[in-house]
Amino acid sequence: MSEEKTLHEVATYSKDTPTSRPDLDGRAGVFVPTELFDVAGSMTIRKGSGIAGFGNPDGSLTVYFENNRFDDSSLHKWENKVRKAYDRMVANAPTVNKAKLDPKMLEYVGFIDGQGIQLKHPELLQQWLELSGALDTAPAGPIVVWPKSKSRF
């Protein structure tokens, strides 16, 4: 007799998730942790973090994050944290604030590019910031537009 074949759970990212590291001003996904991510036990992604990333060919996600560990006042707002993570990603800057994760651990909530952030699921971001005790850092609306400037770097 042959062994019974079973299907194993397969996790993959959303069809809307960009699938490669963005170039300068390119599009990346914005994420929040799911209930499967152990925020309390994590030494990396902390409550209130801004997370940006892209999908990998193996089905995992590469994410960059900013949690404002040193309490920099310019990183108080959630959108500034996401932008900091995004800027590190497009510059391919060396950082410890980078991880390769199973997509079951994160939920896609929108995208970020050189123009700003567009949230497709602002209610999930609200839940994340409420859980984090950081509702005061939430963006005013589902679209955040960056001020015009000559250079971000």
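Here the structure is shown first, and the text comes after it.
Let me sum up the structure you'll find in this document. Note that the structure is a prediction, hence the values are computed from the model and not measured.

## Regarding the nonpolar core
Side chains of a nonpolar character, in soluble globular proteins, are inclined to be buried together.
Part 1: Core analysis: the biggest nonpolar cluster contains 37 residues, and Val63, Trp78, Ile112 and Ile117 have the highest contact counts within it.
Part 2: Listing elements by their share of this core, those giving two or more residues are strand S1 (28-33), strand S2 (50-55), strand S3 (61-66), helix H1 (78-91), strand S4 (98-101), strand S5 (106-112), strand S6 (116-119) and helix H2 (122-131).
Part 3: Tallying contributions element by element places H1 first for this core, with 6 residues.
Part 4: In contact with Ile112, other than residues within four places in its own chain, are Gly26, Arg27, Ala28, Gly29, Val30, Ala52, Val82, Arg83, Tyr86, Ile117 and Trp146.

## Observations regarding the layout of surface pockets
Part 1: Estimated volume of the largest pocket: approximately 250 Å³.
Part 2: Counting only elements with at least two residues in the lining of the largest pocket, the list comes to S3 and H1.
Part 3: Across the lining of the largest pocket, the residue classes tally to 5 nonpolar, 4 polar and 6 charged.

## Let's talk about the side chain of Ser49
Part 1: Looking at the element boundaries, Ser49 is found in the loop between S1 and S2.
Part 2: In this structure the side chain of Ser49 is engaged in a polar contact, spanning 2.7 Å, whose partner is the backbone oxygen of Arg46.
Part 3: Residues contacting Ser49, with those up to four places away along its chain left out, are Glu66, Asn67, Trp78 and Trp128.

## A look at the environment of Lys148
Part 1: With respect to the secondary-structure elements, Lys148 resides in the segment after strand S7 (143-145).
Part 2: Residues Lys148 and Gln115, spaced 33 residues apart in sequence, show a C-alpha to C-alpha distance of 8.7 Å.

## Quick look at the sheet that holds S2
Part 1: Taken in spatial order, the 7 strands line up as S4-S3-S2-S1-S5-S6-S7 in an open sheet, and their pairing is antiparallel. Unpaired on one side and paired on the other, S4 and S7 mark the two borders of the sheet. Pairs of neighbouring strands in the sheet enclose a mean axial angle of 35°, with direction left out of account.
Part 2: Note: S1 against S5, 6 bridges, orientation antiparallel. Pairing of Val32 across the sheet is with Glu107, part of S5.

## Some words on the pattern of salt bridges
Part 1: Using the criterion set out here, one finds 4 salt bridges in the structure.
Part 2: The residue Asp58 makes a salt bridge to Lys100 at a minimum N-O spacing of 2.9 Å. Taken together, the residues span a long stretch of sequence, with Asp58 in the loop between S2 and S3 and Lys100 in strand S4 at a distance of 42 residues.
Part 3: We classify Asp58 as exposed; its relative accessible area is 52%.
Part 4: Its salt-bridge partner being Lys104, residue Asp102 comes within 3.9 Å of it at the nearest N-O pair.

## With respect to unusual backbone geometry
Part 1: At Asn68, a position not held by glycine, the phi torsion is positive, near 55°.
Part 2: One can find Asn68 in the loop between S3 and H1.
Part 3: Judged by its relative accessible area of 12%, Asn68 is buried.
Part 4: Positive phi is not limited to glycine here, since Asn92 has a value of about 50°.

## Remarks on the side chain of Asp113
Part 1: Structurally, Asp113 can be placed in the loop between S5 and S6.
Part 2: One buried charge, Asp113, has no salt-bridge partner; the nearest side chain with opposite charge is Arg27, at 4.9 Å.
Part 3: A distance of 2.8 Å separates a polar atom in the side chain of Asp113 from the backbone nitrogen of Gln115.
Part 4: Excluding residues that lie within four positions of it along the chain, Asp113 makes contacts with Asp25, Gly26, Arg27, Tyr86 and Trp146.

Conventions adopted
Residues numbered from 1 in each chain as written. Predicted model: local features only at pLDDT ≥ 70, side-chain atom pairs only at ≥ 80, totals over all residues. Heavy atoms only, no water. Core = buried A, V, L, I, M, F, W, Y, C linked by side-chain atoms within 4.5 Å. Buried < 20%, exposed > 50% of the residue type's maximum accessible area, 1.4 Å probe, protein only. Helix = DSSP H or I, 4+ residues; strand = E, 2+ residues; numbered from the N terminus. Contact = heavy atoms within 4.5 Å. 1 Å grid on protein atoms, 1.4 Å probe; cavity = no way out; pocket = protein on both sides within 12 Å on 5 of 7 lines; lining within 4 Å. Points joined across faces, edges and corners; volume = space filled by probe spheres on them. Nonpolar A, V, L, I, M, F, W, Y, C, P; charged D, E, K, R; others polar. Polar contact = N/O pair within 3.5 Å; in protein donor to acceptor, adjacent residues only side chain to side chain. Pairing = 2+ DSSP bridges. Axes fitted to C-alpha atoms, helices over the stretch in contact; angles between N-to-C directions. Salt bridge = Lys/Arg side-chain N within 4 Å of Asp/Glu carboxyl O. Lys, Arg positive; Asp, Glu negative; His and termini not counted.

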